[in-house]
Amino acid sequence: MSGRQRITVLGATGSIGRSTLDVVARHPDRYEVHALTGHSRLSDLLTLCEQHRPKLAVVATAADAGEFAQRLRDAGLATDVLHGEEGLCEVSRASEVDAVMAAIVGAAGLPPTLAAVRAGKKVLLANKEALVMSGGLFMQAVRDSGAVLLPIDSEHNAIFQCLPGNYAQGLAQVGVRRILLTASGGPFRETPLAELATVTPEQACAHPNWSMGRKISVDSATMANKGLELIEACWLFDARPSQVEVVVHPQSVIHSLVDYVDGSVLAQLGNPDMRTPIANALAWPERIDSGVAPLDLFAVARLDFQAPDEQRFPCLRLARQAAEAGGSAPATLNAANEVAVAAFLERRIRYTEIASMIEAVLGESPAGPLENLDAVFAADTSARHLAGQWLTRWGR
Ligand code: NAD
Ligand code: MG
């Protein structure tokens, strides 16, 4: 390897961002940080800037940028400050950047992630919402620019590790029968159905195996996350929705599996710690230490598997429907889910109404073709508008 890789971390203050910087800090000989971005929690961003001394930091607004620049100067740092979507895109496509960790949560991550793709960077994709929204356009941009797209989502990183290097020829060509996408089942896997209407955001965010941001924690509880991941897998590995089967595996030790025509099933195992897929993608095709403890199979002792219960997890059924419908339907599903999760976290709707809202918005949004990015953002905006109307209609 020649020289150190320069990295931009989009969403540095989040769960994935911080795990990324933990791995990066273990290998100062290999990586240096070009830019860090954060939307809120500017004190956390300042601490990260002190630790990693990036050339640039990106914050949300011009007012934040002015204040943050002063705090950086007071701390004796030479980091320059940009702001807003243009600032995010600039640090993603900058010529001196080798790799971009796309770890902003939600649709807000699409423009900078796409900017990194179009600039032909090595793109470490955690921000699944970006790919779900823009699917075919995103993958076409990867092919056009020659960007190297590496999945960070633990399941997709596991699948990537279990596939042969030439999988882009087509799953059938390389002998793959099915992708088995594992799911923990989240905190409400065994909660009596009648109690789901009254569960709180705190309960929903208390994931049994993974420590994550609040939005993805709620998505894991509803399994909207697994639905988004089903769509993500279809785009990343050029699979049909029917080729991706969801398997509930409560221990979260197997991160996903690939089933081959000869009957071989390959799995990737490890402790549930995102630093493993992050280190895998950062160093790919090499391997580096991630700080994750070795897997103790004797402590794990057993691995359980169940079929997902669609009555308990209606969001999974809705996502499969959107995947089958294609076109704008996944963007609609994603936007409705983002609005619903935010409303649930603000205690404006019940947990069970997340699925009701998504179903209503999908029902009112005929799936159209996504010919360009404007169509993606139009579907996103329309779904957010319909979701807002749902909230008004029900007095929330
Ligand atoms: P998080 O909430 O902990 O962090 C989100 C980051 O995005 C923060 O840095 C925040 O400042 C930034 N952000 C939020 N809104 C923004 C906006 N409008 N503009 C710019 N920046 C904004 O989330 P997370 O758990 O780190 O998840 C990040 C992404 O990674 C999500 O797409 C999630 O689905 C995916 N992911 C996370 C995990 C995990 O274990 N946490 C696993 C797989 C995939
Ligand atoms: Mg995942």
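Fair warning: this is a prediction, and the values are worked out from it, not measured in the lab.

## Describing the coordination of the magnesium ion (ligand 2)
Piece 1. Around the magnesium ion (ligand 2), the donor atoms from the protein are Asp153 (OD), Glu155 (OE) and Glu229 (OE), and they sit 2.1 to 2.2 Å away.
Piece 2. In terms of primary sequence, the donors binding the magnesium ion (ligand 2) are separated according to D-x1-E-x73-E. Residue Glu155 is located in helix 7 (residues 154–162), and its partner Glu229 is located in helix 10 (residues 224–237); the two are separated by 74 residues in the primary sequence. Each member of the pair, Glu155 as well as Glu229, is classed as buried.

## A few points about the packing of helix 10 against helix 13 (residues 314–325)
Piece 1. Running from N to C, helix 10 and helix 13 cross one another at 20°; their axes reach a closest spacing of 7 Å. Viewed along their axes, helix 10 and helix 13 adopt a mutual orientation that is roughly parallel. Considering how the two elements wind past one another, helix 10 and helix 13 form a crossing that is right-handed. Across from Ala224, Lys226, Gly227, Leu228, Leu230 and Ile231 in helix 10, the residues of helix 13 making contact are Cys315, Leu316, Ala319, Arg320 and Ala323.
Piece 2. Broken down by class, the residue content of the contact of helix 10 with helix 13 amounts to eight nonpolar, one polar and two charged.

## Here we look at the pattern of salt bridges
Piece 1. Inspection of the entire model under this criterion finds 28 salt bridges.
Piece 2. Of the charged contacts in the structure, one is a salt bridge between Lys128 and Glu229, with a shortest N-O distance of 2.9 Å. Residue Lys128 is located in helix 6 (residues 128–145), and its partner Glu229 is located in helix 10; the two are separated by 101 residues in the primary sequence.
Piece 3. The buried category is assigned to Lys128, whose relative accessible area is 4%.
Piece 4. The partner of Asp273 in a salt bridge is Arg275, with the nearest N and O atoms 2.9 Å apart.

## Some points on the side chain of Gln243
Piece 1. Its location among the elements puts Gln243 in the loop between helix 10 and strand 9 (244–248).
Piece 2. Contacts of Gln243, omitting those with residues within four sequence positions, involve Leu171, Arg177, Arg178 and Ile179.

## Looking at the site of ligand 1
Piece 1. Within the structure, ligand 1 sits among 22 residues, and Thr13, Ser15, His39, Glu129 and Gly213 are positioned closest to it.
Piece 2. A distance of 2.6 Å separates an oxygen atom of ligand 1 from a polar atom in the side chain of Glu129.
Piece 3. A total of 830 Å² of accessible area belongs to ligand 1 in isolation, and the protein chains cover 87% of it.
Piece 4. No fewer than three residues from each of domain 1 (5–151) and domain 2 (153–310) sit in the shell around ligand 1.

## Some remarks on the domain arrangement of the protein chain
By convention, interface size is frequently given as the accessible area that disappears when the constituent parts associate.
Piece 1. For the protein chain, the assigned domains read domain 1 (5–151) and domain 2 (153–310).
Piece 2. Using C-alpha coordinates to define each centre, domain 1 is positioned 25 Å away from domain 2.
Piece 3. In this assembly, 29 residues from domain 1 lie in contact with 30 residues from domain 2.
Piece 4. Taken together, the two surfaces of domain 1 and domain 2 that pack against each other cover about 2500 Å², and 69% of this comes from carbon and sulfur.
Piece 5. If you sort the residues of domain 1 by the area they bury against domain 2, Lys128, Val132 and Pro151 come out on top, with a joint share of 27%.
Piece 6. At the junction of domain 1 and domain 2, the tally comes to five salt bridges.
Piece 7. Among the ionic pairs, Lys128 bridges to Asp153, the shortest N-O distance being 2.8 Å.
Piece 8. Applying the counting rule to domain 1 against domain 2 returns twelve residue pairs in polar contact (both at pLDDT 80 or more).
Piece 9. Elements that contribute at least two residues to the side of domain 1 that touches domain 2 include exactly strand 1 (5–10), helix 1 (15–25), strand 6 (122–125), helix 6 and strand 7 (148–151).
Piece 10. The residue inventory of the side of domain 1 that touches domain 2, partitioned by class, reads 16 nonpolar, seven polar and six charged.

What counts as what
- Every chain is numbered independently, its residues counted from 1 as its sequence is written.
- Naming scheme: in the order in which they are written, chains are lettered from A and ligands are numbered from 1.
- At least 70 in pLDDT is required for a residue's local features to be given in this predicted model, at least 80 for side-chain atom pairs to be given and counted, and no such filter applies to totals for whole chains, interfaces and linings, which use all residues.
- Here the side-chain values reflect all heavy atoms present in the structure, with hydrogen atoms and water set aside.
- Keep in mind that water is not among the atoms, so a site may look incomplete; donors are the N, O and S atoms within 2.8 Å of the metal, or 3.2 Å for Na, K and Ca.
- Here a helix means four or more residues in a row that DSSP labels H or I, a strand means two or more in a row labelled E, and each is numbered from the N terminus.
- When a residue's accessible area, from a 1.4 Å probe over protein chains only, is under 20% of the maximum for its type it is buried; when over 50% it is exposed; and in between it is partly exposed.
- Think of each axis as a best-fit line through the C-alpha atoms, taken over the contacting stretch in the case of a helix, with angles from 0 to 180 degrees between the N-to-C directions.
- With respect to orientation, any angle under 35 degrees is reported as roughly parallel, any angle over 145 as roughly antiparallel, any angle of 65 to 115 as roughly perpendicular, and every other angle as oblique.
- What makes a crossing left-handed is the near helix being turned counterclockwise from the far one by less than a right angle; a clockwise turn instead makes it right-handed.
- Residues count as neighbours in contact if any of their non-hydrogen atoms are within 4.5 Å of one another.
- Residue type decides the class: Asp, Glu, Lys and Arg count as charged, Ala, Val, Leu, Ile, Met, Phe, Trp, Tyr, Cys and Pro as nonpolar, and the leftover types, Gly among them, as polar.
- Here, a salt bridge means any side-chain nitrogen of Lys or Arg that lies within 4 Å of a carboxyl oxygen of Asp or Glu.
- For this description, a residue counts as near a given molecule or strand if any of its non-hydrogen atoms is within 4 Å of it.
- Residues adjacent in sequence count toward polar contacts only when both atoms are side-chain atoms; beyond that, a polar contact is any pair of N or O atoms within 3.5 Å, and within protein one must be able to donate a hydrogen and the other to accept it.
- The protein chains shown are the only cover counted for residues, whose accessible areas, like all others here, come from Shrake-Rupley with a 1.4 Å probe.
- Domain ranges listed in this record stem from an automatic or a database domain assignment.
- The quantity reported as buried area is the accessible area (1.4 Å probe) lost by two parts once they are put together, taken as the sum for both.

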